[in-house]
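Each chain is listed here by its residues.
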Amino acid sequence: MRVSLIAGNWKMHLTREAAVRLARDVVAAVADVAGPQVVLCPPATALEAVGRAIEGTRVLLGAQTMHWEPQGAYTGEISAPMLVDLGCRAVILGHSERRLYFGERDEDVGRKARTALAHGLTPIVCVGEGLQDRERGDADGVIVRQLAAAIHPIPLDRLQDVVIAYEPVWAIGTGLTATGPEADRVAAVIRAQLAAAGGVPAAEAVRVLYGGSVKPGNIGEFLDQPGIDGALVGGASLDAGAFAEIVRAAAR
Ligand code: PGA
């Protein structure tokens, strides 16, 4: 009943020419794969070029971050209307690298999610515990806190349109991953919290992704879980063949 979603987060990689090449390769590789939604999130500088390259295909455009205000004196920032203008359909919010290196706060993520929805963008809200949280036995506490702040400003009738990506920080770019059952347990914690906030039907409609060192060799373990609806893929999304294999796995 939930449509699976595979999103590629290209992070701060690729200038336009290489980005367009990768986008075209992905389009060609997933053209015959029906089912999962596929979103590519190039760096902001390549959004327009990649948007043109994938226009009219089954692949959708997404951004990696945005500001919570639609416009204003925020040097260096990019707004939701600007992303919509470039053809974006989704935006990653609260990625752990934004939280860690750029001081993005829990409440910022909520304001951004509300603004994204108001402009027709699907927010892909990232939550996840760090290694220290985990060692302290506070993984769930961190996730609950991040999720509460992220959904607090969202109108309840829009809750179902949010996508949550569970990304344990210690698994990002490290080659380590949560186990499938552990990711599924966290997805259940997330859905219980969403249900408490906005009711069971909304919580059941929300897609929960896993992220953190997802590769063709381990994606099956996550997609096998009833509560996991896809993946947010970093490193492996820079390889069209590997990314397409992950998309193909989600189609089965
Ligand atoms: P990774 O990144 O797949 O390279 O671990 C995932 C992410 O940061 O979203």
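Scroll up to find the structure.
Here's a quick rundown of the structure. If you're wondering where the values come from, they're calculated on a predicted model, not measured in any experiment. (Residues numbered from 1 in each chain as written. Predicted model: local features only at pLDDT ≥ 70, side-chain atom pairs only at ≥ 80, totals over all residues. Heavy atoms only, no water.)

## Thoughts on the overall build of the chain
Where we set the bar: Labels follow the DSSP assignment, with helices taken as runs of H or I lasting at least four residues and strands as runs of E lasting at least two, numbered in each case from the N terminus. C-alpha atoms define the radius of gyration, and 2.2 Å times the number of residues to the power 0.38 defines the globule rule. Relative accessibility decides the category of a residue: with a 1.4 Å probe and only protein chains considered, values under 20% of the type maximum give buried, values over 50% give exposed, and everything between is partly exposed. Note on contacts: a residue pair qualifies if any of its non-hydrogen atoms lie within 4.5 Å across the two residues. Per-residue accessibility takes into account occlusion by the displayed protein chains alone, with areas from the Shrake-Rupley method and a 1.4 Å probe. For the charge count, each Lys or Arg is scored as positive and each Asp or Glu as negative, with His and the chain ends excluded. To locate a charge, the coordinates of NZ of Lys, CZ of Arg, CG of Asp or CD of Glu are taken.
Assigned secondary structure in the chain consists of 11 helices and eight strands. By the compact-globule yardstick of 18 Å for 252 residues, the chain fits well, its C-alpha radius of gyration being 17 Å. When the backbone C-alpha atoms are referred to their principal axes, the chain occupies close to 45 × 45 × 35 Å. Buried residues in the chain amount to 53% of all 252 residues. Within the chain, residue pairs in contact and separated by at least 24 positions form 72% of the contacts whose partners lie at least 6 positions apart. Total accessible area on the chain is roughly 11100 Å²; 53% of this is exposed by carbon and sulfur atoms. In the chain, the 24 positive side-chain charges and the 29 negative ones have mean positions that sit 3 Å from each other.

## Some thoughts on helix α1 (residues 16-30)
Each α-helix winds once per 3.6 residues, and so residues spaced three or four apart point in a common direction. What counts is decided by this rule: Take the residue count of a helix, subtract one, and multiply by 1.5 Å to get its expected span. Arc, as used here, means the arc of the directions from the helix axis to the C-beta atoms.
With 15 residues, α1 extends 21 Å from end C-alpha to end C-alpha; this agrees with the ideal 21 Å at 1.5 Å per step. Of the residues making up α1, those classed as buried are Ala 19, Val 20, Leu 22, Ala 23, Val 26, Val 27 and Val 30. End-on, the buried residues of α1 take up no more than an arc of 165 degrees, which puts them together on one face. The exposed set on the far side of α1, more than 90 degrees from its buried face, consists of Glu 17, Arg 24 and Ala 28. Elements in contact with the buried residues of α1: β2 (37-41), α2 (47-54), β3 (59-63) and α11 (240-251).

## Concerning helix α7 (residues 139-151)
With 13 residues, α7 extends 19 Å from end C-alpha to end C-alpha; this agrees with the ideal 18 Å at 1.5 Å per step. For α7, the secondary structure elements touched by its buried residues are α4 (96-102), α5 (106-118), β5 (122-127), α6 (131-135), β6 (163-166) and α8 (180-198).

## Observations concerning the pattern of salt bridges
Put simply, the test is: Any Lys or Arg side-chain nitrogen found within 4 Å of a carboxyl oxygen on Asp or Glu counts as a salt bridge.
Using the criterion set out here, one finds 21 salt bridges in the structure. In the salt-bridge network here, residues are joined through shared partners; they are Glu 129, Arg 134, Asp 140, Glu 182 and Arg 185.

## Considering the pairing of strand β7 (residues 207-211)
The side chains of a regular strand alternate between the sheet's two faces. To be explicit about the condition: By the convention used here, strands pair only if DSSP detects at least 2 bridges between them.
The buried fraction of β7 amounts to five of the five residues, a majority that puts the element mostly inside the structure. Burial of the side chains of β7 extends over both faces: Arg 207, Leu 209 and Gly 211 are buried on one face and Val 208 and Tyr 210 on the other. Examined bridge by bridge, β6 and β7 share four bridges and lie parallel to one another. Paired with Ile 164 across the two strands is Val 208, which belongs to β7. Pairing of β7 with strand β8 (residues 230-233) involves two bridges; the strand directions are parallel. Bridging across to β8, Tyr 210 finds its partner in Ala 231.

## Here's the deal with the pairing of β5
For β5, the tally of buried residues reaches five of six residues, placing the bulk of the element in the interior. Bridge count for strand β4 (residues 90-93) against β5 is four bridges, and the pairing is parallel. The residue bridging Ala 90 from the neighbouring strand is Thr 122, located in β5.

## Things to note about the packing of aromatic side chains
Operational definition: Pairing of aromatic rings covers Phe, Tyr and the six-membered ring of Trp, with a centre-to-centre limit of 6.5 Å; geometry is then stacked below 30 degrees between planes, edge-to-face above 60, and tilted otherwise.
The tally for this structure, following the rule as stated, stands at three aromatic pairs. Centre to centre, the rings of Tyr 166 and Tyr 210 are 6.2 Å apart; their planes meet at 65 degrees, and the pair counts as edge-to-face. One end of the pair, Tyr 166, is in strand β6; the other, Tyr 210, is in strand β7, with 44 residues separating them in the sequence. For Tyr 166, a relative accessible area of 0% gives the class buried. On the basis of relative accessibility, which here comes to 0%, the residue Tyr 210 falls in the buried class.

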